[in-house]
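Close look at the chain arrangement
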Amino acid sequence: MRKLIIIEGLDGSGKSTQIKKLEEYFFNRQIKYKKIKLPDYDSPSSTLVKMYLGGRFGKNADDVNAYAAGAFYAVDRFASYKLNWKNDYEGGTLILADRYATSNLIYQMEKIPKDGWDSYLEWSSDFEYNKIGIPKPSKVIFLDMPVEISQRLMSQRYGGDEGKKDVHEVDVEFLKKCRDSALYAARKQGWKVVECSDGKNPLNIDEIHNKIVELIEEDLC
């Protein structure tokens with residue numbers, strides 16, 4: 001049975017750490033899987049994404065509208081699927097994705113007035129899963145880390161050098177709006193939300209990992 005599990009989370013949510021923990025878990029359980037990371041910055045298909053994040057189209061995230069930016073990322077996802085993991089997926093290998101089409105609903109939908117969010121959800125799903133034809137995920141897990149905490153964690157990651165943050169990471173108000181849109185999409189589309197903090201500090205890495213494993217155990221049968 002085909003399985004595509006997506007791990008989502010705002011920058012600084014601990015997503016990379018939790019994906020690494022999941023890989024160790026799959027290895028120990030002898031579960032056949034393939035990890036993909038999107039965008040694929042090593043591929044020419046991510047050129048427009050890199051230009052966007054690098055501020056080539058404007059220094060603020062809002063300088064590129066939700067539909068244009070969503071299309072940039074969609075092209076990269078299509079190329080990744082066709083070239084890198086289509087055969088594995090169709091052959092029954094579990095695909096573990098670090099971000100996916102669901103990222104549009106986090107980072108792009110917030111640019112639209114809230115009364116247009118449902119329309120964007122419909123557009124994104126239809127465009128990517130029907131029109132372009134990439135697989136629809138079997139499960140989406142959103143790691144919910146408050147922005148104030150994630151900013152602190154990112155500053156630690158970059159050794160205090162705020163200049164290393166990209167156009168998304170540096171904009172705190174933007175990230176707060178992204179969290180709102182992510183939680184809205186989660187309610188509408190049935191994502192699983194994992195609380196990653198106690199409101200002031202991040203939870204223990206293993207505690208978060210155990211929550212994730214509980215959510216995906218049914219997908220491993």
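Below is a summary of the structure that appears in this document. All values derive from a computational prediction rather than experimental measurement.

Analysis parameters
Residues numbered from 1 in each chain as written. Predicted model: local features only at pLDDT ≥ 70, side-chain atom pairs only at ≥ 80, totals over all residues. Heavy atoms only, no water. Core = buried A, V, L, I, M, F, W, Y, C linked by side-chain atoms within 4.5 Å. Buried < 20%, exposed > 50% of the residue type's maximum accessible area, 1.4 Å probe, protein only. Helix = DSSP H or I, 4+ residues; strand = E, 2+ residues; numbered from the N terminus. Contact = heavy atoms within 4.5 Å. Phe/Tyr/Trp six-rings, centres within 6.5 Å; stacked < 30°, edge-to-face > 60°. Pairing = 2+ DSSP bridges. Axes fitted to C-alpha atoms, helices over the stretch in contact; angles between N-to-C directions.

1. Observations regarding the nonpolar core
Formed by 42 residues in total, the largest nonpolar core has its most connected members in L4, Y52, W85, Y100, I106 and W191. Mapped by element, the contributors of at least two residues to this core are β1 (4–9), α2 (47–53), α3 (66–90), β3 (94–98), α4 (103–107), α5 (117–132), β4 (139–144) and α7 (172–189). Residues contacting L4, with those up to four places away along its chain left out, are W85, Y89, I95, A97, Y100, P135, K136, P137, S138 and K139. Within the second largest apolar cluster, 21 residues are counted, among which are I19, V194, I208 and V213.

2. Details of the packing of aromatic side chains
Using the criterion set out here, one finds 15 aromatic pairs in the structure. Summarising the aromatic geometry, the rings of Y25 and F26 are spaced 6.1 Å apart at their centres and angled 55° between planes, so their arrangement reads as tilted. Both rings, one in Y52 and one in Y73, keep their centres 6.2 Å apart while their planes meet at 90°; by these two values the pair is edge-to-face. One end of the pair, Y52, is in helix α2; the other, Y73, is in helix α3, and 21 residues separate them in sequence. Judged by its relative accessible area of 2%, Y52 falls in the buried class. One aromatic cluster is present, formed by Y81, W85, Y89, Y100 and Y129 through successive ring pairs.

3. Focus: the sheet that holds β3
With respect to topology, five strands assemble into an open sheet ordered β2-β3-β1-β4-β5, the strand pairing being parallel. Edge positions in the sheet fall to β2 (33–37) and β5 (192–195), since each has one partner strand and no second. Mean inter-strand twist for the sheet, computed between neighbouring axes without regard to direction, equals 20°. The pairing of β1 with β3 spans four bridges and is parallel. Among the inter-strand pairings, I5 is bridged to a residue of β3, identified as L96. The sheet contacts of helix α1 (residues 15–28) involve β1, β2, β3 and β4, and relative to β3 the element is tilted by about 165°. Those strands touched by α7 are β4 and β5, and its axis lies near 145° from that of β4.

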